[in-house]
Amino acid sequence: MAELLDQKQIQKLICSKVPGIDDVIVEYVQGYLNDAATAIANSENNDESENPVEDLIRPMLEDAAGGAGDIDGLCDQLSKLLQEVEQKADPQKGSKLAKLAAPVNMVAQQAQINKVTRAQVAGTDLAHAKGRTVASQVDIKKLRKAEARIAAKMEKRGIKSRYEASKLINENPLDDDDLLMKVNPILDYTSTRDKIKDIKVDGFDISYAGKRILTNSNIHLVFGRRYGLIGRNGIGKSTLLRNIAHRELAVPTYISILFVEQEMAGDDTPAIRSVLKADLFREQMLRDEAAINEELKKLEEPSPVDERGEVMSKHEIDAKKNEMGDRLNSIMTKLQDIESDKAEAKAGAILNGLGFSATDFERPTKSFSGGWRMRLSLARALFCRPDLLLLDEPTNMLDIPAVVWLERYLRTWKSTLLVVSHDREFLDEVATDIIHQHSEQLDQYRGNFKSFWSTREERRKNQMREYESQMQYRAHLQDFIDRWRYNANRAAQAQMKIKILEKLPELEKPEDDKVVTFTFPDPESISPPVLFMDEVTFAYTSERKILDHVNIDMQMDARVAIVGPNGAGKTTMLKLLIGKLNPTSGIVHRHGRLRIAYFSQHHVDQLDVKLTAVGHLRKMYPGNTDEEYRRHLGAFGISGMTALQEISTLSGGQKSRVTFAGLAVQQPHFLVLDEPTNHLDMESIDALTNALKQFKGGVVLVSHDERFIDSVCTEMWVCAEGKVTKFAGEGIKDYKKMICPPEDL
């Protein structure tokens with residue numbers, strides 16, 4: 001890239017104004033200014049509201065200078081350099097006024113513009129996602145130019161956001177143990193038991209990637225309570241957890257924190273050993289115990305030597321033994337205090353509850369898939385029992401038995417828990433409090449999700465009544481003031497009303513909940529048979545048979561849920577239905593005109609995160625215009641600027657919506673969905689439920705969300721022990737009772 005600014009001049013200028021500044025910061029400012037100059041030179045319409053020097057460079061230089069140096073003078077000179085580039089790129093930009101050569105007839109000119117616009121768009125016909133045809137009045141050429149300017153602006157902001165993002169969050173990732181040590185400097189958690197471990201942080205702000213997440217917010221976590229954090233996709237829930245976990249909020253260092261965010265890295269360590277290693281204090285105590293025993297063994301040898309290599313006297317040996325004995329007694333007391341002898345049994349119980357078999361305990365962690373390694377991360381966190389446990393959608397990778405076990409386990413959790421979840425049944429079972437994140441604020445409610453839902457609606461009604469009452473009172477005061485302000489007899493009363501009006505607190509109108517809607521286009525009908533499996537057997541190897549003699553028949557009105565334990569073959573069956581796998585024996589019949597759209601539970605990993613949502617659809621499903629892709633995305637809540645953001649900046653739920661929009665582009669007869677509610681917020685789950693109810697094609701899904709299955713599906717098939725059989729019970733609750741009897745509670 002050609003450099004528009006003299007880099008040596010910038011370096012000399014910075015060093016003269018801020019002596020002793022770090023070379024890394026100087027290089028960053030040079031590169032950033034060059035990028036800004038390039039953007040100014042290439043852009044047709046620069047946003048004057050953005051000032052790269054004032055927005056980014058000034059705060060960074062002030063932070064680096066620590067109050068020293070002429071920052072104001074330096075920033076003025078850097079701004080002049082960018083202004084010179086702007087003048088060269090557009091010499092006429094400085095001239096705000098120009099003399100017209102002749103008078104302009106505005107009415108005639110507007111009529112001519114309307115005439116030209118009608119001629120340009122007359123042939124443009126944009127098809128709506130639902131199939132309705134509408135005539136567009138949009139000038140396509142101008143729209144494309146505007147989108148190009150927006151894309152350039154987004155790229156320009158991206159340069160800034162890469163610096164603003166949290167240094168700790170964006171640095172090279174550490175392994176699990178190193179990260180735990182970094183955020184929890186006090187290893188001996190037995191020494192902090194008598195301390196108050198409530199967390200209260202007031203008046204904090206959080207921004208991420210140039211977007212404000214929370215403003216002047218407060219959070220209060222009482223030790224021993226279990227908090228459910230809820231909010232819309234993209235509102236910043238995971239960002240809040242990450243900031244707490246990395247102590248970017250003022251959390252006392254004696255409070256241990258553990259955040260289960262991603263699966264652990266795989267290696268040759270056995271599964272149960274990886275869980276035991278998570279308790280770093282216990283591991284350190286065991287290492288110290290082994291070292292002391294080794295030292296005592298050496299002292300029993302004839303003629304032991306000290307650190308200098310000299311033979312120790314009997315007095316020195318006895319003194320050393322006493323010292324080692326005292327240390328060993330202290331270690332043994334602490335190991336007994338944390339019940340170290342029961343650690344392996346506790347780890348085994350946790351692994352078993354999360355679905356690991358006894359044979360899995362000794363398997364190396366690298367032999368597990370990402371979903372199972374995520375369970376291992378969860379097992380490590382539960383075994384550690386930190387003072388504050390942060391969980392982000394912990395049920396996403398779990399089957400129904402594991403979810404039930406986790407609910408029961410967390411109900412006995414004695415420390416503080418903060419969990420992000422969109423599973424209402426899970427929150428009802430686990431949460432003692434709900435934190436609702438919205439409008440850059442956090443609202444806290446006592447009780448589980450059902451209690452929150454009723455309390456929130458009542459609170460909103462009261463706020464609306466209070467707001468409307470004050471608006472009426474304000475209107476009454478203003479009317480009196482306007483009427484009598486200049487009347488000699490009533491002027492004093494009017495002035496008093498003015499003072500009352502000025503002292504009234506400003507109330508904000510409660511926000512209306514945005515209605516989320518999903519829409520799948522209705523397919524044309526096709527005659528049966530549509531989709532069936534006849535005596536299908538599938539095995540990855542001759543020793544490992546997954547499905548055995550499976551028979552299932554589905555028509556266009558099918559609403560089928562497939563349930564069963566993890567590893568039973570549910571996803572394998574879906575892949576056989578869509579033709580991604582071929583059966584070892586038997587027949588999978590698909591109608592010749594049948595179009596199937598498949599939603600994978602690992603869809604996020606299959607997205608090109610460097611593309612925008614529009615770019616992703618253009619790449620995966622070519623042949624349509626960007627306007628059509630935008631409409632499909634809009635049908636799933638990805639609209640406006642969100643459709644032009646890089647997918648890497650979207651939340652998990654927004655990425656799911658992009659994938660759903662891709663399904664709609666295919667106009668399928670059958671939707672095959674593998675854990676579709678993972679990452680979706682509650683409003684989106686409701687929208688997906690309604691869309692599937694209205695969809696005229698067939699639906700086959702795998703899910704652990706009880707409410708979603710009950711709302712969408714009319715029949716359930718159980719996949720277990722190589723067989724797929726129709727469930728004879730009434731629904732998912734009967735199945736849950738069958739596999740997790742209430743008496744086990």
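Everything below is about the structure printed above this text.
Conventions we followed
Residues numbered from 1 in each chain as written. Predicted model: local features only at pLDDT ≥ 70, side-chain atom pairs only at ≥ 80, totals over all residues. Heavy atoms only, no water. Pairing = 2+ DSSP bridges. Helix = DSSP H or I, 4+ residues; strand = E, 2+ residues; numbered from the N terminus. Axes fitted to C-alpha atoms, helices over the stretch in contact; angles between N-to-C directions. Patch = residues over 30% accessible without salt bridge, like charges linked within 9 Å, V, L, I, M, F, W, Y side chains within 5 Å. Areas by Shrake-Rupley, 256 points an atom, 1.4 Å probe, with all protein chains shown as cover. Salt bridge = Lys/Arg side-chain N within 4 Å of Asp/Glu carboxyl O. Buried < 20%, exposed > 50% of the residue type's maximum accessible area, 1.4 Å probe, protein only. Contact = heavy atoms within 4.5 Å. Parallel < 35°, antiparallel > 145°, perpendicular 65-115°, else oblique. Left-handed = near helix turned anticlockwise from the far one by under 90°. Nonpolar A, V, L, I, M, F, W, Y, C, P; charged D, E, K, R; others polar.

In this section: the sheet that holds strand E14 (residues 585-590). Strands sit in the order E12-E11-E14 across an open sheet of three strands; the sheet is antiparallel. Here the strands that pair on one side only, and so sit at the sheet edges, are strand E12 (544-554) and E14. Strand-to-strand twist across the sheet, computed as the mean angle between neighbouring axes with direction ignored, equals 25°. With five bridges connecting them, strand E11 (residues 531-541) and E14 associate as antiparallel partners. Considered in E14, the bridge of Leu 531 is made with Arg 590.

On the surface, a cluster of nonpolar side chains totalling about 260 Å² of accessible area is made up of Tyr 473, Met 496 and Ile 500. Inspection of the secondary structure assignment puts Met 496 in helix H18 (residues 491-503). Exposure remark for Met 496: the relative accessible area of 46% places this residue in the partly exposed category.

Take the environment of Val 404 next. Along the chain, the position of Val 404 falls in helix H15 (residues 400-410). Separated by 336 residues in sequence, Val 404 and Cys 740 have C-alpha atoms that sit 7.4 Å apart. Not counting the four nearest positions on each side in its chain, Val 404 is found in contact with Lys 736 and Cys 740.

Right, let's get into the pattern of salt bridges. Taken as a whole and judged by the stated rule, the model has 27 salt bridges. For Arg 446, the salt bridge is made with Asp 433, and the minimal N-O distance between the two is 3.2 Å. Here Arg 446, found in strand E10 (residues 441-446), pairs with Asp 433, found in strand E9 (residues 433-438); they are 13 residues apart in sequence, far enough to count as distant. Using a relative accessible area of 58% as the deciding quantity, one classes Arg 446 as exposed. Its relative accessible area of 4% is what places Asp 433 among the buried residues. Lys 736 is paired through a salt bridge with Glu 706; the nearest N and O atoms lie 2.7 Å apart. Placement of the pair is Lys 736 in helix H25 (residues 732-739) and Glu 706 in helix H24 (residues 706-712), with a sequence separation of 30 residues. Under the relative-accessibility criterion, Lys 736 is labelled buried at 18%. Glu 706 gets classed as buried once you look at its relative accessible area, which sits at 7%.

Take Lys 88: it is sitting in helix H4 (residues 71-89). Take Lys 88: its relative accessible area is 71%, and that puts it in the exposed class. Sequence separation between Lys 88 and Ala 41 is 47 residues, and the spatial gap between their C-alpha atoms is 8.0 Å.

Further remarks concern the sheet that holds strand E5 (residues 226-230). Overall, mixed pairing links the six strands, which are arranged E6-E7-E8-E5-E9-E10 in an open sheet. Edge positions in the sheet fall to strand E6 (257-260) and E10, since each has one partner strand and no second. Taken pair by pair, the neighbouring strands of this sheet meet at an average axis angle of 20°, ignoring direction. For E9 and E10, the ladder comprises six bridges, and the chain directions are antiparallel. Directly across from His 436, in E10, lies its bridge partner Asp 443. Together, E5, E6, strand E7 (388-392), strand E8 (416-420), E9 and E10 form the strand contacts of helix H9 (residues 237-245), whose direction differs from that of E7 by roughly 150°.

Once that is clear, we can look at the side chain of His 591. Residue placement: His 591 occurs in the loop between E14 and strand E15 (596-599). If we ignore the near neighbours within four places in the chain, the residues touching His 591 are Ile 526, Ser 527, Pro 529 and Val 530.

To continue, consider unusual backbone geometry. Here the bond from Pro 528 into Pro 529 is cis, since omega is 0°, no more than 30 degrees from zero. Position of Pro 529 among the secondary structure elements: in the loop between H18 and E11. Even without a glycine there, the phi angle at Arg 385 is positive, about 50°. For Arg 385, a relative accessible area of 34% translates into the label partly exposed. If you check the backbone angles, Glu 721 has positive phi at about 55° while not being a glycine. Position of Glu 721 among the secondary structure elements: in the loop between strand E18 (715-720) and strand E19 (723-726). The class of Glu 721 is exposed, set by a relative accessible area of 80%.

So, on to H9. Most of H9 is tucked away, with eight of its nine residues classed as buried. Residues of H9 that are buried include every one of Lys 237, Thr 239, Leu 240, Leu 241, Arg 242, Asn 243, Ile 244 and Ala 245, and no others. Following H9 by one or two positions, Arg 247 has its phi on the positive side, about 60°.

Bridge count for E11 against E12 is seven bridges, and the pairing is antiparallel. Note that in E12 the partner of Phe 532 across the bridge is Asp 553.

The geometry of helix H20 (residues 613-620) relative to helix H21 (residues 626-634) is characterised by a closest axis approach of 9 Å and an angle of 115° between their N-to-C directions. What the angle tells us is that H20 and H21 run roughly perpendicular. Judged by the sense of rotation from one axis to the other, the crossing of H20 with H21 is right-handed. Judged by residue contacts, Ala 613, Val 614, Leu 617 and Arg 618 of H20 engage Asp 626, Tyr 629, Arg 630 and Leu 633 from H21. Of the residues assigned to the contact of H20 with H21, the class counts are five nonpolar, no polar and three charged.

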